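# Fold and contact review
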Amino acid sequence: ELRTSGYAGAVITDVCLCEYTDHGHCGILDRDGSVQNDASLERLAETAVSHARAGADVVAPSAMMDGQVAAIREALDAAGFHDVAILAYSAKYASAYYGPFRDAAGGAPQFGDRRSHQSDPGDARDAMRENAADVAEGADLLMVKPGLAYLDIVRRTREAFPHHPLAAYNVSGEYSMVKAAAERGWLDERAVVLETLLAFRRAGADLVITYHALDAARWLTT
């Protein structure tokens, strides 16, 4: 049974290592600079448990290490957090749309990139394999990131996994393009944002993670 009946208003935390390393990569590195997948799983699991102890209702592992959902589920259950759900970054692409966030957070890798563990933007089938693997490992919710540039993946994920709540992540680059155009008077910000959010829902997303959230909430209630 999915642990998702009460996710409205839940505290969701991102579980990754990139913000806590001097190299900016999502896991522990070997001497040659490559990511050590299995060694990283232990640290990700410990991080997820610490988030649950701090009050997280949902943990969202974004490191894209193979087996991370299973490792986190096992650790959460062993620590007694059976009701803490896992929102899997199941279809996360090595995208150029993350640029503004990485610049603001100082989270860009100091060398290399994350293509070894994030999906190739041209590969739709890999996303379906990643979704299936995370479901098999115990993911309670799935996510496609980025969202707007990957609406086809949102739709394919919804059709393939109809019983799992699905999130679309409207990332910083997608947000920044709208804000920049609106500041120049090139488009109607409110109309474009609400149309974009509608597109996520139309494609099959149950949840939308977006930097537009506060503005959209105000527009929809006034």
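Going by the structure above, here's the rest.
Residues numbered from 1 in each chain as written. Predicted model: local features only at pLDDT ≥ 70, side-chain atom pairs only at ≥ 80, totals over all residues. Heavy atoms only, no water.

### Here's the deal with the pattern of salt bridges
We count it as follows: Any Lys or Arg side-chain nitrogen located within 4 Å of an Asp or Glu carboxyl oxygen qualifies as a salt bridge. Where helices and strands are cited, they refer to DSSP runs of H or I of at least four residues and of E of at least two residues respectively, numbered from the N terminus. The buried label applies to any residue whose accessible area, calculated with a 1.4 Å probe on protein chains only, is under 20% of its type's maximum; exposed applies above 50%, and partly exposed to all values in between.
Following the criterion strictly, the structure yields nine salt bridges and no others. Between D140 and R73 there is a salt bridge whose closest N-O contact spans 3.7 Å. Of this pair, D140 sits in the loop between α4 (124-137) and β4 (141-145) while R73 is found in helix α2 (residues 68-78), placing the two residues 67 residues apart along the sequence. Each member of the pair, D140 together with R73, is buried. Across the pair R129 and D123 runs a salt bridge whose closest N-O atoms are separated by 3.8 Å. On the accessibility criterion, D123 (24% relative accessible area) is partly exposed. Overlapping salt bridges, with partners in common, bring together E42, R43 and E46 in one network.

### Structural notes on the pairing of strand β3 (residues 85-92)
Rules: When the strands point away from the viewer and the path from the first strand over the helix to the second turns clockwise, the crossover is right-handed. Strands are labelled as partners when DSSP assigns at least two bridges between them.
In terms of burial, β3 is largely enclosed, as eight of its eight residues are buried. A crossover links strand β2 (residues 58-61) with its parallel partner β3, the connecting element being α2, and its sense is right-handed. Of the strand pairs in this sheet, β3 and β4 are connected by four bridges, and their pairing is parallel. Within β4, the residue paired with L87 across the bridge is L141.

### Digging into the nonpolar core
So the rule is basically this: Put simply, a nonpolar core is a bunch of buried Ala, Val, Leu, Ile, Met, Phe, Trp, Tyr and Cys residues held in one set by side-chain atoms that sit within 4.5 Å of each other.
Counting 43 residues, the largest nonpolar core has V59, I72, L76, V144, I153 and V154 as the members making the most contacts within it. Counting residues per element, this core draws most heavily on helix α1 (residues 37-54), at six residues. By size, the runner-up hydrophobic cluster in this structure holds 13 residues, among which are Y98, M143, A167 and V171.

### Some thoughts on the packing of aromatic side chains
Selection criterion: Pairing of aromatic rings covers Phe, Tyr and Trp, the last through its six-membered ring, and needs centres within 6.5 Å; plane angles under 30 degrees mean stacked, over 60 mean edge-to-face, and all others mean tilted. Charges are assigned to positions over rings by a cutoff of 6 Å between ring centre and Lys NZ or Arg CZ, combined with an angular limit of 35 degrees from the ring normal.
Within the structure shown, the criterion is met by three aromatic pairs. Judged by centre distance (6.4 Å) and plane angle (50 degrees), the ring pair of Y89 and Y169 falls under tilted. Linking Y89 in strand β3 with Y169 in strand β5 (residues 166-170), this pair joins segments that are 80 residues apart in sequence. Across the pair, Y169 and Y89 agree in class, each one buried. With 5.5 Å between their ring centres and 45 degrees between their planes, Y175 and Y211 make a pair best called tilted. With Y175 in helix α6 (residues 172-183) and Y211 in the loop between β6 (207-210) and α8 (213-221), this pair connects stretches of sequence that are 36 residues apart. In this structure Y175 comes out as partly exposed when scored by relative accessible area, which is 22%. A relative accessible area of 36% places Y211 in the partly exposed class. Its end group placed over the ring of Y169, K145 keeps NZ or CZ at 4.3 Å from the ring centre. Between R184 and the ring centre of W186, over which it is positioned, the NZ or CZ distance is 5.7 Å.

### Regarding the environment of R202
For R202, the position within the fold is in helix α7 (residues 189-203). For R202, a relative accessible area of 57% puts it in the exposed group. Each C-alpha atom of the pair R202 and V154 lies 9.7 Å from the other, and the pair is 48 residues apart in sequence.

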